[in-house]
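These are the residues of each chain, in order.
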Amino acid sequence: MQEKLRRRTLVSVLSFCAMVESASAHAHLQSANPAPDSIVATAPQEVWIAFSEAVEPSMSAIEIVGVQGPVAATGKAYVDQAAPAALIVKLAQPLPAGAYETRWRCVGKDSHAMRGSYHFEVRP
Amino acid sequence: MSDPFLAILTTARWAQFLSLFVLFGVLLFPFYVTGAAPAPCRERLASAMRRAISFVGAVQPLSILAWLATSMASMGDGWTSLRDADFVKAFFLEAGFGRLWLTRLLLTALLLGVLVGTRRSLPARNLPTAVALVLAGALLVTQAGVGHPAGLRPDERLLVFGGYALHLLGAAAWIGGLLPLRALLAQAKHDDRAHDYAQFALGRFATMASVAVALVLLGAAINMRPQIATLNVSDLSSWWWAAGSKAVLFGALIAIAYRNRFVLTPLLATQPKKAVTNLLRNVMIDQGLAVVVLAVAAFMGVASPTG
């Protein structure tokens, strides 16, 4: 009887043994405007990227690079309190026609940094 | 995150885990193994514990600095970001995790101060040991705030922080306590006078370890839900493979602990030499497995369950 109890205890213990580190997935891009690989007719005045989890705006950034080099923004990327997973950057001027690369760096609340880039085109 | 950062971060977290586990387990030992050890045992035990405290007491601050620096470099533009005053200020004062890092640095400074300032009275059932134990425990628990649990939704976060704390404190008490136990068994192997005390210590350790494993499992059960949500059986990420490896290693640890408690410890009464030799070997195997388990845990801390 006691041996059976011990064996059951051992089996119960083993069944839990994988759960050592609690986890959330790292932040990754879910959607964006302008969208990756899109062609937009209206020149955007801001670029926003929605991530899979809330981001730390002070550690995150969005940079738009055109053929002439980086495009000026009005300030650092920020997060709207109502949508803490979306990072937004306001552009100093609407983007002229051309091809652009969006380079982003996102740091999640869990301290993990993710980077990526995508292209879009402005073609009125 | 690039591979060099990933490798350094994993190594730093591993060293941090190891140093805090050993510190916590060794400092806790005198509070549950309360009997006075016979002279030869006492000297060997005290010497082994002081050596361990000196070594891991140096590794802990170095590894936390390496973890912090690599974490910052990975968030910015590499190592040069560490010299960028605006970036450093934003990290510590604007980011949600910045103040927690400052707290962890303060705890590290306090722990180092206690370990250096009261080194002659460590470890024993006294105030300096208790203070160092609380500081080591606080450093273990606050890891949750700079890791995966911090990314959870607010409604889940507090519960998972609690589970994380129980899990790590239980594991550290168990794994760290193996070190003084090994020193005792090593003495008992060559000195028959140490058998009675080793038997007493094994009994106390077994009771503590039962509670510790219960805490490990309770913490694990609490942390289970957010993990399961990320499980995709048809496309397992490296994180899930690591979790599987850890499950196997943890299973081996439990199986050895089971044999130590229910087979070898009772054997001490009838065949002490054989029992002590086998127990010592098993404790050393347990320690080796624990080192690997912590390395896997460190990797899981920097990897993403979704790949």
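A brief report on the enclosed structure follows. Predicted, not measured: the structure shown is a model, and the values here were computed from it. (Residues numbered from 1 in each chain as written. Chains lettered and ligands numbered in written order. Predicted model: local features only at pLDDT ≥ 70, side-chain atom pairs only at ≥ 80, totals over all residues. Heavy atoms only, no water.)

On to the nonpolar core. Met59 of chain A together with Phe21, Phe91, Phe97, Trp101 and Trp174 of chain B are the most contacted members of the largest nonpolar core, which totals 103 residues. Ignoring anything within four residues of it in the chain, the contact list for Phe91 of chain B reads Met59 of chain A together with Leu68, Met72, Met75, Phe97, Gly98 and Trp101 of chain B. With 21 residues, the next largest nonpolar core counts Val40, Ile49, Leu91 and Tyr118 of chain A among its residues. (Core = buried A, V, L, I, M, F, W, Y, C linked by side-chain atoms within 4.5 Å. Buried < 20%, exposed > 50% of the residue type's maximum accessible area, 1.4 Å probe, protein only. Contact = heavy atoms within 4.5 Å.)

Time to look at a nonpolar patch on the surface. All names here are of chain B. Residues Ile228, Leu231, Val233, Leu236 and Trp241 make up a contiguous nonpolar surface patch of about 490 Å² in total accessible area. Mapped onto the elements of the fold, Ile228 is located in helix 7 (residues 195–228). Overall, the relative accessible area of 40% leaves Ile228 in the partly exposed class. (Patch = residues over 30% accessible without salt bridge, like charges linked within 9 Å, V, L, I, M, F, W, Y side chains within 5 Å. Areas by Shrake-Rupley, 256 points an atom, 1.4 Å probe, with all protein chains shown as cover. Salt bridge = Lys/Arg side-chain N within 4 Å of Asp/Glu carboxyl O. Helix = DSSP H or I, 4+ residues; strand = E, 2+ residues; numbered from the N terminus.)

Turning our eyes to something else, we now look at the packing of helix 6 (residues 154–190) of chain B against helix 9 (residues 272–302) of chain B. Residues and elements named next belong to chain B. Helix 9 packs onto helix 6 with a crossing angle of 150° between their chain directions and a minimal axis gap of 9 Å. Relative to helix 9, the element helix 6 is oriented roughly antiparallel. The two elements helix 6 and helix 9 meet at a crossing, and its hand is left-handed. Contacts between helix 6 and helix 9 involve Ile175, Leu178, Leu179, Leu181, Arg182, Leu185, Ala186, Ala188 and Lys189 on the former and, on the latter, Lys273, Val276, Thr277, Leu279, Leu280, Val283, Met284, Asp286, Gln287 and Ala290. A per-class count over the contact of helix 6 with helix 9 returns 13 nonpolar, two polar and four charged. (Axes fitted to C-alpha atoms, helices over the stretch in contact; angles between N-to-C directions. Parallel < 35°, antiparallel > 145°, perpendicular 65-115°, else oblique. Left-handed = near helix turned anticlockwise from the far one by under 90°. Nonpolar A, V, L, I, M, F, W, Y, C, P; charged D, E, K, R; others polar.)

Scanning the model with the defined rule gives two cavities of 30 Å³ or more in all. Empty space within the second largest cavity amounts to approximately 60 Å³. Taken together, ten residues make up the lining of the second largest cavity; nearest its centre are Ser111 and His112 of chain A together with Leu9, Arg13 and Ser71 of chain B. Sorting the residues of the lining of the second largest cavity by element identifies helix 1 (3–32) and helix 2 (39–75) of chain B as the ones contributing at least two each. (1 Å grid on protein atoms, 1.4 Å probe; cavity = no way out; pocket = protein on both sides within 12 Å on 5 of 7 lines; lining within 4 Å. Points joined across faces, edges and corners; volume = space filled by probe spheres on them.)

Attention now moves to the packing of aromatic side chains. What the rule picks out here adds up to twelve aromatic pairs over all chains. Between Tyr100 of chain A and Phe120 of chain A, the ring centres sit 5.6 Å apart and the planes meet at 25°, which makes this aromatic pair stacked. Note that Tyr100 of chain A is positioned in strand 8 (residues 98–107) and Phe120 of chain A in strand 9 (residues 113–122), a separation of 20 residues in sequence. Tyr100 of chain A sits in the buried class, given a relative accessible area of 5%. Judged by its relative accessible area of 2%, Phe120 of chain A falls in the buried class. Ring plane angle 70° and centroid distance 5.4 Å describe the contact between Phe29 of chain B and Tyr32 of chain B, whose orientation is recorded as edge-to-face. Residue Phe29 of chain B and its partner Tyr32 of chain B are both found in helix 1; the two are separated by three residues, about one turn of the helix. Accessibility expressed as a relative area gives 1% for Phe29 of chain B, which makes it buried. Judged by relative accessible area, Tyr32 of chain B falls into the buried class, the value being 11%. An aromatic cluster is defined as three or more aromatic residues linked by ring pairs; in this entry it consists of Phe91, Phe92 and Phe97 of chain B. Here the guanidinium or amino end of Arg104 of chain B rests over the ring plane of Trp101 of chain B, the centre of that ring lying 5.5 Å away. (Phe/Tyr/Trp six-rings, centres within 6.5 Å; stacked < 30°, edge-to-face > 60°. Lys NZ or Arg CZ within 6 Å of the ring centre and 35° of its normal.)

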